[in-house]
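# Descriptive analysis of the structure
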Amino acid sequence: MRSVRPTHATTAGLIRTLARWTRPEGGRPAAGRAVGTWLVVGALAATLVALLVPVSLFGSARPAAAAGPAWSDDGAGVQNTAFGPLSALDRDFVRKVRLAGLWEKPAGRLAQERGTTEDVRVAGEHLIGGHTELDRRSLDAGRVLGISLPDRPSAQQQGWLDQMDAARGTAFDRTFAQLVRAAHGKVFGLVALVRDRTGNSLVRELATRANTVVLDHITVLENTGQAGVPHTDPRPASPAGTPAMPQAPASPHDPAPSQDPASPQAPARQHSYEEVK
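This section reports on the structure supplied with the text. (Residues numbered from 1 in each chain as written. Predicted model: local features only at pLDDT ≥ 70, side-chain atom pairs only at ≥ 80, totals over all residues. Heavy atoms only, no water.)

### Observations concerning the overall build of the protein chain
Of the regular secondary structure elements, the protein chain holds eight helices and zero strands. The secondary structure elements of the protein chain, listed N-terminal to C-terminal, are α-α-α-α-α-α-α-α. When each of the 277 residues of the protein chain is scored for burial, the buried share is 32%. Partitioning the contacts of the protein chain with sequence separation of at least 6, the portion at a separation of at least 24 is 71%. As displayed, the protein chain offers around 17800 Å² of accessible surface, 58% of which is attributable to carbon and sulfur atoms. (Helix = DSSP H or I, 4+ residues; strand = E, 2+ residues; numbered from the N terminus. Buried < 20%, exposed > 50% of the residue type's maximum accessible area, 1.4 Å probe, protein only. Contact = heavy atoms within 4.5 Å. Areas by Shrake-Rupley, 256 points an atom, 1.4 Å probe, with all protein chains shown as cover.)

Now the structure itself:
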């Protein structure tokens, strides 16, 4: 339902009505005018409140997504480089890529050592492979662009590693998948923001590669079934000689399916980073 705002005509009509109600009949005119004046002032105040309250409640509201991903401004402004302008957002991104490798590679090693399922161990393998590559790229970018980079995880990231280190069995699987998946979800927005805004070709190249790697990590973490979100792994392969799904009987009017002996179906398997790079 659309709210109806008072108009000038409505306000004027209200004032005239109040004036008629408060006109004295045989009483003292001054007293009647005083009462009428106060009622008119009250009506005007109520009208003003009715006009301003919707603005104060909704005028400054912003969707939560409008704030965008968080990043830190180092205060150094935009710097000119041989690869294009280098902004504070660019420098913060390169530092965050470096920080990600400093805690996610150890997390991946823990997953390979302690994971109770193959999916958890595969996720650990992808973390190590992906962040080994991104780590090298971020170090190269930092050296060429003159960006100082950290050499140890942040206090928060170290706390996540400590939580994983203290967990065992299926509790480890769950702690690992949920912590690393949540971190990747946050950084994914930053990668997209940098890829969209940067005017530096070296930073853009890093962001482009990071986008692919982070999405891969999100996928394999969800495939563990422990990340707290629906996993996305493909349908498990059926044993040899048995159909994956019951097949409806063919109609006598349907043509027989063609077989191409030159392109047999190869069994699907999970590839490592080194194989797909």
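### Brief notes about the packing of aromatic side chains
Inspection of the entire model under this criterion finds two aromatic pairs. Relative to W160, the ring of W103 has its centre 4.9 Å away and its plane inclined at 55°; by these criteria the two rings are tilted. One end of the pair, W103, is in helix α3 (residues 88–114); the other, W160, is in helix α5 (residues 155–166), and 57 residues separate them in sequence. Assessed through its relative accessible area of 17%, W160 is described here as buried. On the basis of an interplanar angle of 15° and a centroid distance of 5.9 Å, the ring pair of F172 and F176 is categorised as stacked. Taken together, the residues span about one helical turn, with F172 and F176 both in helix α6 (residues 169–197) at a distance of four residues. (Phe/Tyr/Trp six-rings, centres within 6.5 Å; stacked < 30°, edge-to-face > 60°.)

### Notes on the nonpolar core
Note that soluble globular proteins tend to have their nonpolar side chains buried in a common cluster. W103, A107, M164, F172, F176 and V180 are the most contacted members of the largest nonpolar core, which has 20 residues in total. Among the secondary structure elements, those contributing two or more residues to this core are α3, α4 (118–145), α5, α6 and α7 (201–223). Ranked by residues supplied to this core, first place goes to α6 with six residues. Ignoring sequence-local partners within four residues, the contact set of F172 consists of L110, A111, R114, G115, V120, M164 and A167. (Core = buried A, V, L, I, M, F, W, Y, C linked by side-chain atoms within 4.5 Å.)

### A few points about the packing of α4 against α7
The N-to-C vectors of α4 and α7 enclose an angle of 170°; their axes lie 9 Å apart at closest approach. Compared by their axis directions, α4 and α7 come out roughly antiparallel. The hand of the α4/α7 crossing is left-handed. Tallied by class, the residues present in the contact of α4 with α7 amount to 13 nonpolar, six polar and six charged. (Axes fitted to C-alpha atoms, helices over the stretch in contact; angles between N-to-C directions. Parallel < 35°, antiparallel > 145°, perpendicular 65-115°, else oblique. Left-handed = near helix turned anticlockwise from the far one by under 90°. Nonpolar A, V, L, I, M, F, W, Y, C, P; charged D, E, K, R; others polar.)

### Describing the environment of T81
Mapped onto the elements of the fold, T81 is located in the loop between α2 (29–59) and α3. Counting along the chain gives 63 residues from T81 to V144, while the straight-line C-alpha distance between them is 9.2 Å. If we skip the residues at most four places from it in the chain, T81 touches L86, L145 and N200. Within polar-contact distance, the side chain of T81 engages the backbone nitrogen of F83 at 3.1 Å. (Polar contact = N/O pair within 3.5 Å; in protein donor to acceptor, adjacent residues only side chain to side chain.)

### Some thoughts on the side chain of N200
The residue N200 is located in the loop between α6 and α7 in this model. Not counting residues up to four positions away in its chain, the partners in contact with N200 are T81, F83, G84, P85, L86, D90 and L145.

### Considerations on the pattern of salt bridges
For the structure shown, the criterion picks out 13 salt bridges. The salt bridge involving R98 is made with D135; its shortest N-O contact spans 2.8 Å. Taken together, the residues span a long stretch of sequence, with R98 in helix α3 and D135 in helix α4 at a distance of 37 residues. Taken individually, R98 and D135 each receive the classification buried, so the pair is uniform in this respect. (Salt bridge = Lys/Arg side-chain N within 4 Å of Asp/Glu carboxyl O.)

### Overview of the packing of α3 against α4
Interhelical geometry of α3 versus α4 gives an angle of 155° and a closest axis separation of 7 Å. On the basis of the axis angle, α3 is roughly antiparallel to α4. You can see that α3 and α4 cross each other, and the crossing is left-handed. When its residues are assigned to classes, the contact of α3 with α4 shows 10 nonpolar, eight polar and seven charged.

Shape is all these values report; function is a separate question.
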